[in-house]
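Understanding the architecture of this molecule
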Amino acid sequence: MYGIADIDNCYVSCERVFRPDLEGVPCVVLSNNDGCVVARSNEAKAMGIKDGTPFFQLEQLFPGQKIAVFSSNYELYGELTGRVISIIRQETPAYFRYSIDECFMYLDGIDHDQLQTWGENLHKRVRREVGLPISIGLAPNKTLAKIASKLAKKYKGYHHCCMIDNDYKREKALEWCPVEDVWGIGRRYAAKLQALGCKTALDFARHHKDWVRMMFNNINIVRTWQELNGEDAVPNEVLAKKKTICTSRSFNGMVSDKETLRTHVANYAARCAEKLRTQKTVANIVGVFINTNAFREDLAQYWNFQETRLLTPTNSTISIVQAAHDVLDRIFIQGYQYKKAGVIVMGITPDSPIQQDLFDINAGQIEKMRRLDEVIDRINRINGSESIVIGAQQYTQKNGKGKAEVFANAIKHEFKSKKPTTRWSDIIKLK
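We now turn to the structure provided with this report. (Residues numbered from 1 in each chain as written. Predicted model: local features only at pLDDT ≥ 70, side-chain atom pairs only at ≥ 80, totals over all residues. Heavy atoms only, no water.)

Turning next to the packing of helix H8 (residues 187–195) against helix H10 (residues 209–216). Close contact between H8 and H10 brings their axes to 12 Å; oriented N to C, the two are set at 120°. Between H8 and H10, the angle is such that the two are oblique. Considering the relative orientation of H8 and H10, their crossing is right-handed. Each of Tyr189, Lys192 and Leu193 in H8 lies in contact with H10, whose residues at this interface are Trp211, Met215 and Phe216. Its residues assigned to classes, the contact of H8 with H10 comprises five nonpolar, no polar and one charged. (Axes fitted to C-alpha atoms, helices over the stretch in contact; angles between N-to-C directions. Helix = DSSP H or I, 4+ residues; strand = E, 2+ residues; numbered from the N terminus. Parallel < 35°, antiparallel > 145°, perpendicular 65-115°, else oblique. Left-handed = near helix turned anticlockwise from the far one by under 90°. Contact = heavy atoms within 4.5 Å. Nonpolar A, V, L, I, M, F, W, Y, C, P; charged D, E, K, R; others polar.)

Take a look at the structure:
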């Protein structure tokens, strides 16, 4: 049996851990630069607040309504969800963290008759020790476990844990689940399935396997069909590591000078390198894109993307930042007002062994870079994200006296909460 633990309304729930006064109050969390709504409490959903609603429209759409608004606080979310994972590590024979708020669990060794009680007790322990609500789905494969977790979240009668362990429960769950909500079926395939008359997961599952192969010619869709029919078809390595990593962000305002753009790109490249190290991989290719604001028809428009291949695959922050800067130098054109940039690392492979290039003059620095990144990662884990960054990641701006001042972050976050679990300056004070 497989299980998946899914944190309910993750970002909002994290904000509420240290704000019990917000229980029952509509809450939303905004995207980077306070652009739009990316997380909503159940109360906010009931009000009609949609995912992706621009922040500036909230007051227009819901005048006079009390809504608690927060800027994204990923340091807080990462630390609290990490505590949830530490409990799962203690309670399960094996697990794999799928995203910041989801974790797959492999439950071989736990008696089948005890699984329901085990899941309910796991929810209680996480709620008691961390303060976050989780929903648990149990099933013979990962796709059905995802559907079960959605049922556990939606219906209180499951006591936060839903188990699909026979064909009757499976068909009832598939009949309830819209086809677009099935894990592994993207928007494009969902639209095609709906056009073919498959409105629910059960409609899709009842087709013949040969029909699925003929209509889609996609192994992942076939595997999803197999799992909906009770087979265990999605291999674990499909979940294991990302093959492409992208970090991008819209700016707070427009950026026209190259140095500021270089700093943004350096931060995105550093984040990609950190993600590579987290999953113990290296990248062969680094790409960069920049674009202007397509909604500003009064301004000149420009978009470009280019990439460079690394002589030696790496996850070094310094090496990936340097490669990203080299690409930016090729695509940057003076005179445009840029609104967004991003860094993409591709050609991802395991970090051991690494095939070095005979002509790479930096090959001798690999071990030195590895030790440097390990130290920086360890300090940032202990003292908080970005406690230490490389010089290229620091923004500079002129103060009122004409002198340059250095500051760490140019992201707009006017409603950001404190980080009481990772910053001494934000520790909770009791009266």
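Having put the structure on the table, let's press on.
This paragraph deals with the sheet that holds strand S4 (residues 68–70). Sheet architecture is open: three strands sit in the order S3-S2-S4, paired in mixed fashion. Of all the strands in the sheet, just strand S3 (37–40) and S4 have a single pairing partner and so form its edges. For this sheet, the mean angle separating the axes of adjacent strands, direction not counted, is 25°. With three bridges joining them, strand S2 (residues 27–30) and S4 adopt parallel strand pairing. Paired with Val29 across the strands is Phe70, a residue of S4. Sitting on the sheet, helix H1 (residues 10–17) touches S2, S3 and S4, and the angle it makes with S2 is about 110°. (Pairing = 2+ DSSP bridges.)

Once that is clear, we can look at a nonpolar patch on the surface. Together, Phe18, Ile428 and Leu430 make up an exposed nonpolar region whose accessible area comes to about 330 Å². Examined against the element boundaries, Ile428 turns out to sit in the segment after strand S15 (404–407). (Patch = residues over 30% accessible without salt bridge, like charges linked within 9 Å, V, L, I, M, F, W, Y side chains within 5 Å. Areas by Shrake-Rupley, 256 points an atom, 1.4 Å probe, with all protein chains shown as cover. Salt bridge = Lys/Arg side-chain N within 4 Å of Asp/Glu carboxyl O.)

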